[in-house]
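Listed below are the residues making up each chain.
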Amino acid sequence: MFIAASVFFYCALILSLVFRTTERWRVKLSAGARQWVLWSFVLIPWLVALSVTSVVLMPDSAVAMPSWFLALTHWHHINVFNFYSWHSVLVLLFAATSFLAIVRHTHQLLKHRSALGALLSLDGFTKNSSLGSTVIYAFTAGLFRPKVFISPALQAQLSAAENDIVSRHELAHQLRLDPLRKWSFSFLAAFYLPVISHRLRREFSLCLELAADDYAAGGGSGGTTVASTVIKLCRLSRNQQQFPSPLSCHFYASEIEARVHYQLRSEPGRGFPLSLFVVFLCVLLASCLLSVDSYHHAIEAIFSH
């Protein structure tokens, strides 16, 4: 646990610096590629921590490895752990972070299900009565079986082409289980510092909207019509109450300016940089694997255990 926690937090620190310094580069990527990059940020600490811990704890299984490699990855006293020492600090910190993330996101999940159940019980949403004819909304809610909600009041104020864009946009959220992906990503991002976690979740939500906009534009409408529809819905829905859940996907509630610029871009977004990702992952894995014991003994020079 100590080895895994120390490697995990080290990777999170490095990736936080990378995240803050690559913002302009990420903007040039396509919505799909940007999602892969963001998933990499939240998954790499887990993958590297598990990999390093497995190698350090099972050196005898790697009989084919050269002796110099085993010497570098050797843990001098692998079976010794004193809970009443500095070793327990990182373990307790990781355990507390995990506990808070589980409690917070379980509560968020239950709250979302409760709000969705209350929403489906309203006649205004199930039977298109007076409530549905006066309120403007377009969103997708529900984690495992998401449902699309588009009000008649909104449909009445849009042209046929614009209604098709809104329908295809929400259909994309439904088919891709975007509320569930949003919740899963939010849980993994919770292990970063709050300021980085907030920016990760915000950018991922934007990427989901950009990808849904691309799906809508792929129906033949084109990026210009999608951009104008986004602006129109933003104006129509001003001061409208939204579905009270951060897990829902609203057509008009996320980074309007960024979505418009994305649809009006002159060049298509770049693809996922697979070779760069592999190189970076290998360097990060090697640096953690070869320095974990050195890091441990460097700390021991300051704190006695």
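Residues numbered from 1 in each chain as written. Predicted model: local features only at pLDDT ≥ 70, side-chain atom pairs only at ≥ 80, totals over all residues. Heavy atoms only, no water.

Colleague: Looking at this model, I keep getting lost on the overall build of the chain. Mind explaining?
Modeller: Regarding its fold elements, the chain presents 14 helices and 3 strands. Taking all 305 residues of the chain together, the buried fraction comes to 45%. For the chain, the share of sequence-separated contacts (at least 6 apart) that also reach a separation of at least 24 residues comes to 76%. When the accessible surface of the chain is summed, it comes to about 16,000 Å², and 65% of that surface belongs to carbon and sulfur atoms. (Helix = DSSP H or I, 4+ residues; strand = E, 2+ residues; numbered from the N terminus. Buried < 20%, exposed > 50% of the residue type's maximum accessible area, 1.4 Å probe, protein only. Contact = heavy atoms within 4.5 Å. Areas by Shrake-Rupley, 256 points an atom, 1.4 Å probe, with all protein chains shown as cover.)

Colleague: Sorry if this is basic, but what is going on with the sheet that holds strand E3 (residues 249-250) here?
Modeller: Neighbouring strands of a sheet are bound in pairs by backbone hydrogen bonds; such pairs are parallel or else antiparallel. With respect to topology, 3 strands assemble into an open sheet ordered E2-E1-E3, the strand pairing being antiparallel. The strands lining the two open edges of the sheet, one partner per strand, are strand E2 (147-150) and E3. As defined by bridge partners, strand E1 (residues 138-141) adjoins E3 across 2 bridges and the pair is classed as antiparallel. Its bridge partner lying in E3, Phe139 is registered against His250. (Pairing = 2+ DSSP bridges.)

Colleague: Which parts of the structure should I look at to understand the side chain of Glu203?
Modeller: Inspection of the secondary structure assignment puts Glu203 in helix H11 (residues 194-221). Residue Glu203 is classed as buried on the basis of its relative accessible area, which comes to 14%. Excluding residues that lie within four positions of it along the chain, Glu203 makes contacts with Phe19, Arg26, Arg34 and Leu38.

Colleague: Looking at this model, I keep getting lost on the packing of aromatic side chains. Mind explaining?
Modeller: Each aromatic ring pair is described using two quantities: the centre-to-centre distance and the angle formed by the ring planes. Under the counting rule described, the total for this entry stands at 17 aromatic pairs. An angle of 85 degrees between the planes, with centres 5.4 Å apart, marks the rings of Phe19 and Phe41 as edge-to-face. A residue pair is termed long-range when its members are at least 10 positions apart, and Phe19 in helix H1 (residues 2-21) and Phe41 in helix H3 (residues 31-57) qualify at 22 residues. Taking relative accessible area as the criterion, Phe19 reaches 1% and is therefore assigned buried. Ring geometry for Trp39 versus Phe185: centroids 5.3 Å apart, planes at 85 degrees, classification edge-to-face. With Trp39 in helix H3 and Phe185 in helix H10 (residues 178-189), this pair connects stretches of sequence that are 146 residues apart. Per residue, the accessibility class of Trp39 equals that of Phe185, and both read buried. Ring pairing ties together the aromatic residues Phe8, Phe9, Trp46, Phe94, Phe187 and Phe191, which thus form one cluster. Seen from the ring of Tyr215, Arg168 lies directly overhead, with NZ or CZ sitting 4.5 Å from the centre. (Phe/Tyr/Trp six-rings, centres within 6.5 Å; stacked < 30°, edge-to-face > 60°. Lys NZ or Arg CZ within 6 Å of the ring centre and 35° of its normal.)

Remember, this is a structural readout, not a statement about activity or role.
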